[in-house]
Amino acid sequence: MSAILAELSKVSGARLVGDPECVINAVNTLDLASTGEITFLSNRHYANRLLKTKASAVILSENDLKNCPTNALVSNAPYLVYAKIANYLYPIKQHHGAINEKAVIGQKCNIDHTSTISANVVIGDNVTINAETYIGPGCVIADNVCIGENTILIANITLCHDVCIGNNVILHPGVVIGADGFGLAQENGEWLKIPQIGSVNLGNNVEVGANSTIDRGAIGNTIISNGVKIDNQVQIGHNAFVGENTAIAGCVALAGSAYIGKRCQIGGASSINGHIEITDDVIITGMSGVANSIKTPGVYSSAIPVTDNKIWKRNIIRFKNLDQIIKKIMFKLE
Amino acid sequence: MSAILAELSKVSGARLVGDPECVINAVNTLDLASTGEITFLSNRHYANRLLKTKASAVILSENDLKNCPTNALVSNAPYLVYAKIANYLYPIKQHHGAINEKAVIGQKCNIDHTSTISANVVIGDNVTINAETYIGPGCVIADNVCIGENTILIANITLCHDVCIGNNVILHPGVVIGADGFGLAQENGEWLKIPQIGSVNLGNNVEVGANSTIDRGAIGNTIISNGVKIDNQVQIGHNAFVGENTAIAGCVALAGSAYIGKRCQIGGASSINGHIEITDDVIITGMSGVANSIKTPGVYSSAIPVTDNKIWKRNIIRFKNLDQIIKKIMFKLE
Amino acid sequence: MSAILAELSKVSGARLVGDPECVINAVNTLDLASTGEITFLSNRHYANRLLKTKASAVILSENDLKNCPTNALVSNAPYLVYAKIANYLYPIKQHHGAINEKAVIGQKCNIDHTSTISANVVIGDNVTINAETYIGPGCVIADNVCIGENTILIANITLCHDVCIGNNVILHPGVVIGADGFGLAQENGEWLKIPQIGSVNLGNNVEVGANSTIDRGAIGNTIISNGVKIDNQVQIGHNAFVGENTAIAGCVALAGSAYIGKRCQIGGASSINGHIEITDDVIITGMSGVANSIKTPGVYSSAIPVTDNKIWKRNIIRFKNLDQIIKKIMFKLE
């Protein structure tokens, strides 16, 4: 949709410097924006692009205002202002509220008439789907699932039995919630499966990326708290707990019974051991491994960045003997 | 279902100390169990919770019996006893044995009348599905697939053509078995696809977690032996071999033509190189990388655990120059 | 299909030494091939198996010809010759060009009459599907998607709205293209979703492995260039760019706005940081982490291979203090 800058200023709380009647139809990058488009400068790395932008308006901070060649929306949080404006200009598509004739619905379901059930959805028995929720094509929703209001399942998602999903949730394609956790007991060298009796409780305002998986609890529930954001291909083990407003980037492996506090940020491709506790406000940078509990907020890392292959080969030989080498050196030094 | 303790003692082989007529309806944790529930103590870490449990019965070892405030089932393998009792109290849901009218079945299929084909399943030609097997909603089963007895495909699973699945198998949602392996030949800087002519042979009593993938062989089959347990988001490359009763935790990458022996345990988020051999009874701890063959049973590791980000930054600079630094030190010491 | 060696020599460009009329029905390994089968020797590691092969013909290099006990196809690129011959003997199955009555098609779609739409496919509005393309069962194709000619979507794939797929593409089951990128802005400790307005542009001759995910751009498109080959469970973040003929092995995580050049090879389970640039002809070996841009072609690595668990425990204690230990040693040495 379109909006004038006065409207966008109001929506975002940013101060308008320029023409309040200027019409904006779209967002774009500093480089590519043209007439009718708004852009933003939040990363100082791109500051030199500001002078040449052909956008009709730029969201920026006070410091950059002097270099702005066009209308400006000024804020000390330009990226947040951008987020608000983009959400305003690109509202989520409304659905019509109907059950497609090609959907298969079980018995004793309670589906609000304002919700949309798409083609080739299969819904089990005793399922509750609340108002304004959208279930996209190919989703499978097993018995006794409960889904809140205004929630979106894009397509090809599987919710296993008894899973509970909150309001304003977005699940992307390929997500699987409530599959059995990896619970096994050993007997004479063979594995005996442990029934996974718990479920998954996924709070409000949660987003889960494509092909991510959240296992049901062994006993008791796996819990994803309100406001948690999960990227693609994340694996969350049984009985894990993820605290409010924690963000988990792509390809993270979170083992069973791990406890993650509030407002944590887990970088992509990191792994978190099971049965450990990470306190609130912890940042784990990408490709890190967390083996033990973290009791102090802060930034933690363990990724090993690449070097030239020949140097790496020599370094890892040293690393394999690191303790012995250091012992030897220490001994000689004494 | 419910059972009395005498029955659970018999089912599990554990010695009953207490009231044989006590009725058990459910399992629960030491902390949360209440009347009518059974719990277990297998991890000494939680021993102090035993005294306060409100469970009607506790599965525990001889050493803990003296502190048990209620009925006890005594065993030197309490977790295994728990597994047996939980399986008894929570039997797998029986299905009705019918082909849903919304399923699409190809030609010349041989589907046992005791098997269940759910809504929106698509089955190709020449498919065999044996007795008591359950195919959940949204599964796609391509031509010439053979599935054994008493096997469960939960939902939204894809079995590619000619794949062979054993008896008593459980496949969780999003599993893909038999996609083409990553076989490419180079020609003038471009890639030419190698047809993947083999298939996948998945044995009896195998479980595969949500969104895991097992590629078909380039020539000959990828083989998953009897009793193998695979967690979520595991990738198994073409022509890999996984030996009997090996367990592979979540997010493991097993490259093509890797050979894993029997009774191995591969920790979560680990990677195994292609064309290597891991002998029987090897344990790889989580987040490890296996580059070369392992010929001796034992425990192997390579994960780097997180440190404070500032310390990490200094350490990795040293690590990048580790060989040179050590050479310099050695030189000075001589 | 079958072919005589004269034909296979012509198809592949390899020089025939032996009987041009010999009939070949199949390919197989050196060990397992028997009469009527062709095999290849491209890895010197297996040279000793040549003498005993029972194949009717072997593809090999000039050096190995003297040891060949049967007909030979001689080339300095035996694996490439194998690829050409296997593609000739195992042509991709032709489909009949029809829309299954169980498919659901939206409005204003333009589906070429030579294309095949399988059962339980759901297609949105304004979708274009060009000639000879195959859409397998369970695929969901959202509004405004465009798919080129001779492209294959095996099964259970999701293409989100406005995604554009080229010619001669193969997408394996569980692939998700065009899900929202992980774009979030912070406000008072909560996350505000950034609309993902861009799309995905996937070129010609691209292959994407099972359960891989390619996110749509935040602004502008995520771009996968012609000839790119992507293995299973790869995650490609929003606005990433992958250059022509680059190959990405399984379980790689490619973060948002990463730029990968042409003809790169990214080893399995590696991770590439966002907002960095990797130049053309870079090889990243498996399990490596790329934190910064790479400006020089070459081979780069950072994987840490496993050692015995007891040695590892001692080494990582040293590693956690590496900088301090080295400082201490240096100080003593001065």
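Up top you'll find the structure we're talking about.
Quantities reported herein were computed from a predicted structural model and do not represent experimental measurements. (Residues numbered from 1 in each chain as written. Chains lettered and ligands numbered in written order. Predicted model: local features only at pLDDT ≥ 70, side-chain atom pairs only at ≥ 80, totals over all residues. Heavy atoms only, no water.)

### What to know about the overall build of chain A
Stage number 1. Helix and strand content of chain A: four helices and 39 strands.
Stage number 2. For chain A, whose C-alpha radius of gyration is 25 Å, the value lies well above the compact-globule estimate of 20 Å for 334 residues.
Stage number 3. By the burial criterion, 58% of the 334 residues in chain A qualify as buried.
Stage number 4. Across chain A, contacts joining residues at least 24 apart in sequence account for 18% of those joining residues at least 6 apart.
Stage number 5. Counting every atom, chain A has about 13,200 Å² of accessible surface; 49% of that belongs to carbon and sulfur. (Helix = DSSP H or I, 4+ residues; strand = E, 2+ residues; numbered from the N terminus. Rg over C-alpha atoms; globule rule 2.2 N^0.38 Å. Buried < 20%, exposed > 50% of the residue type's maximum accessible area, 1.4 Å probe, protein only. Contact = heavy atoms within 4.5 Å. Areas by Shrake-Rupley, 256 points an atom, 1.4 Å probe, with all protein chains shown as cover.)

### Digging into the pattern of salt bridges
Stage number 1. This model, assessed by the stated rule, comprises 33 salt bridges over all chains.
Stage number 2. Ionic pairing is found between K93(C) and D143(B), a salt bridge with its closest N-O pair at 2.8 Å. Of this pair, K93(C) sits in the loop between α2 (78-89) and β8 (104-105) while D143(B) sits in the loop between β14 (140-141) and β15 (146-147), each in a different chain.
Stage number 3. Judged by relative accessible area, D143(B) falls into the buried class, the value being 18%.
Stage number 4. The salt bridge involving R263(C) is made with D281(C); its shortest N-O contact spans 2.8 Å. Taken as a pair, R263(C) in the loop between β32 (259-260) and β33 (265-266) and D281(C) in the loop between β35 (277-278) and β36 (282-284) lie far apart in primary sequence, 18 residues in all.
Stage number 5. By relative accessible area, R263(C) is classed as partly exposed at 34%. (Salt bridge = Lys/Arg side-chain N within 4 Å of Asp/Glu carboxyl O.)

### Brief notes about the environment of G18(A)
Stage number 1. When you line up the elements, G18(A) lands in the loop between β2 (15-17) and β3 (23-24).
Stage number 2. Along the chain, G18(A) and L5(A) lie 13 residues apart, while their C-alpha atoms are 8.6 Å from each other.

### So, the sheet that holds strand β12 (residues 128-129) of chain B
Residue and element names in this part refer to chain B.
Stage number 1. A sheet is described by the order of its strands in space; here nine strands give the open sequence β9-β12-β15-β18-β23-β26-β29-β32-β35, paired in parallel fashion. Strand pairing shows two members of the sheet lacking a second neighbour, β9 (110-111) and β35 (277-278), which therefore form its edges.
Stage number 2. For β12 and β15, the ladder comprises two bridges, and the chain directions are parallel. In the strand pairing of β15, T128 is matched with C146. (Pairing = 2+ DSSP bridges.)

### Some details on the packing of aromatic side chains
Stage number 1. Within the structure shown, the criterion is met by 15 aromatic pairs over all chains.
Stage number 2. Judged by centre distance (5.7 Å) and plane angle (45°), the rings of F40(B) and Y79(B) are tilted. Separated by 39 residues along the polypeptide, F40(B) in strand β5 (residues 37-40) and Y79(B) in helix α2 (residues 78-89) bring together distant segments of the chain.
Stage number 3. Assessed through its relative accessible area of 31%, Y79(B) is described here as partly exposed.
Stage number 4. Put simply, the rings of F40(A), Y79(A) and Y82(A) pair up and form one aromatic cluster. (Phe/Tyr/Trp six-rings, centres within 6.5 Å; stacked < 30°, edge-to-face > 60°.)

### Focus: the relation of the copies chain C and chain A
Stage number 1. Once turned by 120° and shifted 0.0 Å along the axis, chain C lies on chain A with an RMSD of 0.0 Å. As the rotation angle and translation indicate, the two copies are arranged about a three-fold axis.
Stage number 2. Little of the interface of chain C is mirrored in chain A, where only 19% of its interface residues are also at the interface. (Least-squares fit on C-alpha atoms with pLDDT ≥ 70 in both.)

### Details of the pairing of strand β20 (residues 176-179) of chain B
Within a regular strand, the side chains alternate between the two sheet faces.
Stage number 1. Across two bridges, strand β17 (residues 158-159) of chain B lies against β20(B) in parallel orientation. In the sheet register, L159(B) faces β20(B), and the bridge partner there is I177(B).

### Quick look at the sheet that holds strand β33 (residues 265-266) of chain B
Adjacent strands of a sheet form backbone hydrogen bonds with each other and so pair up, either parallel or antiparallel.
Stage number 1. As summarised here, the arrangement of the eleven strands in space is β10(B)-β13(B)-β16(B)-β19(B)-β24(B)-β27(B)-β30(B)-β33(B)-β36(B)-β38(B)-β39(C), forming an open sheet in which the pairing is mixed. Of all strands in the sheet, those bounded by a partner on one side alone are β10 (116-117) of chain B together with β39 (307-308) of chain C.

### So, the interface of chain C and chain A
Stage number 1. Taken together, the contact pairs 67 residues of chain C with 60 residues of chain A.
Stage number 2. Across the interface of chain C and chain A, roughly 5,400 Å² is buried in total on both sides, 66% from carbon and sulfur atoms.
Stage number 3. It is F182(C), W191(C) and I219(C) in chain C that bury the most area against chain A; as a group they hold 13% of the surface buried on that side.
Stage number 4. Across the chain C-chain A interface, the total number found is five salt bridges.
Stage number 5. For the pair chain C and chain A, the number of links is 26 residue pairs in polar contact (both at pLDDT 80 or more).
Stage number 6. Elements with a contribution of two residues or more to the side of chain C that touches chain A: β20 (176-179), β21 (184-187), β22 (190-193), β25 (213-215), β37 (289-290), β38 (298-301), α3 (309-320) and α4 (322-333) of chain C.
Stage number 7. Examining the composition of the side of chain C that touches chain A, we find that six residues originate from one element, α3(C), more than from any other.
Stage number 8. Here the side of chain C that touches chain A is composed, by residue class, of 36 nonpolar, 21 polar and ten charged.
Stage number 9. Relative to β38(C), strand β39 (residues 307-308) of chain A runs antiparallel, the two being bridged by two bridges. The residue of β38(C) that forms the bridge with T307(A) is S301(C). (Buried area = accessible area lost by both parts, 1.4 Å probe. Polar contact = N/O pair within 3.5 Å; in protein donor to acceptor, adjacent residues only side chain to side chain. Nonpolar A, V, L, I, M, F, W, Y, C, P; charged D, E, K, R; others polar.)

### Observations regarding empty space enclosed by the protein
Stage number 1. Counting across every chain of the model gives ten cavities of 30 Å³ or more.
Stage number 2. Taken as a whole, the largest cavity spans an internal volume of roughly 540 Å³.
Stage number 3. The wall of the largest cavity is formed by 34 residues, among which A269(A), M287(A), M287(B), A269(C) and M287(C) lie closest to the centre.
Stage number 4. Its residues assigned to classes, the lining of the largest cavity shows 18 nonpolar, 16 polar and no charged.
Stage number 5. The computed volume of the second largest cavity comes to approximately 140 Å³.
Stage number 6. Taken together, 17 residues make up the lining of the second largest cavity; nearest its centre are N156(A), G174(A), N156(B), G174(B) and N156(C).
Stage number 7. Residue composition of the lining of the second largest cavity, grouped by class: five nonpolar, twelve polar and no charged. (1 Å grid on protein atoms, 1.4 Å probe; cavity = no way out; pocket = protein on both sides within 12 Å on 5 of 7 lines; lining within 4 Å. Points joined across faces, edges and corners; volume = space filled by probe spheres on them.)

### Side note on the relation of the copies chain B and chain C
Stage number 1. For the match of chain B to chain C, the screw axis carries a shift of 0.0 Å, the RMSD comes to 0.0 Å, and the turn is 120°.
Stage number 2. Of the interface residues in chain B, just 19% have counterparts in chain C that sit at the interface too, so the contact is made through distinct surfaces.

### As for the interface of chain B and chain C
Many structure descriptions define interface size as the accessible area lost when the parts assemble.
Stage number 1. If you look at the interface, chain B gives 67 residues, while chain C gives 60 residues.
Stage number 2. Here chain B packs against chain C, burying approximately 5,400 Å² in sum over the two surfaces, 66% of which is carbon and sulfur.
Stage number 3. A per-residue breakdown of the area chain B buries against chain C is headed by F182(B), W191(B) and I219(B), which together make up 13% of the total.
Stage number 4. Summed over the shared surface of chain B and chain C, the result is five salt bridges.
Stage number 5. Secondary structure elements with two or more residues in the side of chain B that touches chain C: β20, β21 (184-187), β22 (190-193), β25 (213-215), β37 (289-290), β38 (298-301), α3 (309-320) and α4 (322-333) of chain B.
Stage number 6. For the side of chain B that touches chain C, the element with the most residues is α3(B), which contributes six residues.
Stage number 7. By residue class, the composition of the side of chain B that touches chain C is 36 nonpolar, 21 polar and ten charged.

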